[in-house]
Amino acid sequence: MSTEPDYPFAEQGRRLRWLRQAERIDTASAFAARIGWPQSGMSQFETGKRRVPMDKAIQLARKIPGFDPMWLWEGDKRGLSFDLRQRIEAEEAKESEETGLTATRER
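Because the structure is predicted, anything quoted here is derived from the model rather than measured. (Residues numbered from 1 in each chain as written. Predicted model: local features only at pLDDT ≥ 70, side-chain atom pairs only at ≥ 80, totals over all residues. Heavy atoms only, no water.)

Overview of helix α2 (residues 28–35)
Line of reasoning, step 1. Residues Ala 28, Phe 31, Ala 32 and Ile 35 constitute the buried set of α2. Viewed end-on, α2 has its buried residues packed into an arc of 100 degrees, placing them on one side of the element.
Line of reasoning, step 2. For α2, the elements touching its buried residues are α1 (10–22), α3 (39–47) and α4 (54–63). (Buried < 20%, exposed > 50% of the residue type's maximum accessible area, 1.4 Å probe, protein only. Helix = DSSP H or I, 4+ residues; strand = E, 2+ residues; numbered from the N terminus. Arc of directions from axis to C-beta. Contact = heavy atoms within 4.5 Å.)

So this is what it looks like as structure tokens:
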């Protein structure tokens, strides 16, 4: 994932991808359909081209038990449910193993 100017919200996009994977949804288009978002918007959010706005984050909170928008926006895991946090951290660890990079620890 690039942190270049074209992708100013790359970290947020990465967290959104981890959330999707933690929910056991393989594709961004399937996740978009589940949440009720257009696929094109989901792609822009997941790549980090656009920030997930408040109304979209509230939709996520209504559809995904244990989700906290502050984690999506700021990386603060304190508001996530224990179960969701564990599943997200498992996705982070998988990505870290796959890329060979050390995952950054978020709050």
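Read on for the rest.
What about the environment of Ser 29?
Line of reasoning, step 1. Along the chain, Ser 29 turns up in helix α2.
Line of reasoning, step 2. With relative accessibility at 37%, the residue Ser 29 sits in the partly exposed group.

Brief notes about the pattern of salt bridges
Line of reasoning, step 1. Counting across every chain of the model gives 13 salt bridges.
Line of reasoning, step 2. The partner of Arg 14 in a salt bridge is Glu 11, and the shortest N-O contact between them spans 2.5 Å. With Arg 14 and Glu 11 both in helix α1 and 3 residues apart, this pair spans about one turn of that helix.
Line of reasoning, step 3. Judged by relative accessible area, Arg 14 falls into the buried class, the value being 13%.
Line of reasoning, step 4. Glu 11 gets classed as partly exposed once you look at its relative accessible area, which sits at 35%.
Line of reasoning, step 5. Across the salt bridge formed by Lys 94 and Glu 91, the nearest N and O atoms sit 3.2 Å from each other. Here Glu 91 and Lys 94 lie together in helix α6 (residues 82–99), a separation of 3 residues that amounts to about one turn.
Line of reasoning, step 6. When salt bridges that share partners are traced, they join Glu 11, Arg 14, Arg 17 and Glu 95 into one network. (Salt bridge = Lys/Arg side-chain N within 4 Å of Asp/Glu carboxyl O.)

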